[in-house]
Amino acid sequence: MKRCCVFIILLVLLFSSTSIALTLNIQNKTRDIFDLSINNVIYIDDNNIQGPWDGSYEHPYQYIYEGILHAIDGDTIFLFNGFYEETVIVNKSINLQGQQQNTTIIDGQNNGSVITITSDNVCIKELTIQNSAGYQDNAGISVVANTITITKCTIYCTRIGIS
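All values reported here derive from a predicted model rather than from experimental measurement.

Student: Would you mind showing me how to read the pattern of salt bridges here?
Tutor: Note that side chains of opposite charge can pair when their charged atoms are close. Applying the stated criterion across every chain, the model contains 1 salt bridge. Two residues, Lys152 and Glu126, come together in a salt bridge whose shortest N-O distance is 3.8 Å. Of this pair, Lys152 sits in strand S10 (residues 148-156) while Glu126 sits in strand S8 (residues 122-130); the two residues are 26 residues apart in sequence, bridging distant segments of the chain.

In structure tokens:
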């Protein structure tokens, strides 16, 4: 009788721990799928002058503003190496990622701040940012938001680096 009770208890423990492990595994897979669905990558390449343009790896947008326009919070805007002559307004919680710090360049053409960040939770990485205008409030990166991360960026020929 004692052996039978021990055997039943062991079976119950075995099945309950298996179901807990399966539940945890399912929850982790659901979380991974969810993370992938919100972390879309939108590609930008200044050399794609002929189109088509849809932001995919094969058909990247030509301009950064197009990628931001089509992005949602949590997306990554990936810039291939190139020379992007534009000023950029980041009004969504996105990652702006260059392919390589020294060869992915955003040039503001001496027209205001090069990048203006108006949304919280923005990350800027691996870019060279240059040529803001020379007025007092013009910057390489102008921040009007909270929780901004800037890493591996070179900022030069700007009135203020980061304001």
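Text resumes after the structure shown.
Student: Even after reading the chapter, I still don't get the nonpolar core, so can you show me in this structure?
Tutor: Side chains of a nonpolar character, in soluble globular proteins, are inclined to be buried together. By size, the foremost hydrophobic cluster in this structure holds 24 residues, and its most contacted members are Ile64, Ile77, Leu79, Leu96, Ile106 and Ile115. Residue contacts for Leu96: discarding those within four places in its chain leaves Ile64, Ile77, Leu79, Ile106, Ile115, Cys123, Ile124, Lys125 and Leu127.

Student: Looking at this structure, how should I read the side chain of Lys92?
Tutor: Positionally, Lys92 belongs in the loop between strand S4 (88-90) and strand S5 (95-98). A distance of 2.8 Å separates a polar side-chain atom of Lys92 from the backbone oxygen of Ile68. Lys92 has contacts with Ile68, Leu69, His70, Ala71, Asp73, Ser119 and Val122, leaving out every residue within four places of it along the chain.

Student: Sorry if this is basic, but what is going on with unusual backbone geometry here?
Tutor: Backbone phi values are negative for most residues with the exception of glycine, while trans is the configuration of most peptide bonds. Cis geometry is found at the peptide bond from Gly51 to Pro52, where omega equals -5 degrees. Relative to the elements of secondary structure, Pro52 occurs in the loop between strand S1 (41-44) and helix H2 (64-70). Phi is positive for Gln109, close to 55 degrees, though the residue is something other than glycine. The exposure class of Gln109 is partly exposed, given its relative accessible area of 44%. Its identity is not glycine, yet Asn121 carries a phi of approximately 60 degrees, on the positive side. Examined against the element boundaries, Asn121 turns out to sit in the loop between strand S7 (115-117) and S8.

Student: Explanation requested: the sheet that holds S4 in the structure shown.
Tutor: Sheet strands pair by backbone hydrogen bonding; their relative direction is either parallel or antiparallel. Sheet architecture is open: 4 strands sit in the order S4-S7-S9-S11, paired in parallel fashion. The sheet is open, and its two borders are formed by S4 and strand S11 (160-162), each paired with just one other strand. Averaged over all pairs of adjacent strands, the angle between their axes in this sheet comes to 25 degrees, without regard to strand direction. Where S4 and S7 come together, 3 bridges link them in parallel fashion. Directly across from Val88, in S7, lies its bridge partner Ile115.

Analysis parameters
Residues numbered from 1 in each chain as written. Predicted model: local features only at pLDDT ≥ 70, side-chain atom pairs only at ≥ 80, totals over all residues. Heavy atoms only, no water. Salt bridge = Lys/Arg side-chain N within 4 Å of Asp/Glu carboxyl O. Helix = DSSP H or I, 4+ residues; strand = E, 2+ residues; numbered from the N terminus. Core = buried A, V, L, I, M, F, W, Y, C linked by side-chain atoms within 4.5 Å. Buried < 20%, exposed > 50% of the residue type's maximum accessible area, 1.4 Å probe, protein only. Contact = heavy atoms within 4.5 Å. Polar contact = N/O pair within 3.5 Å; in protein donor to acceptor, adjacent residues only side chain to side chain. Pairing = 2+ DSSP bridges. Axes fitted to C-alpha atoms, helices over the stretch in contact; angles between N-to-C directions.

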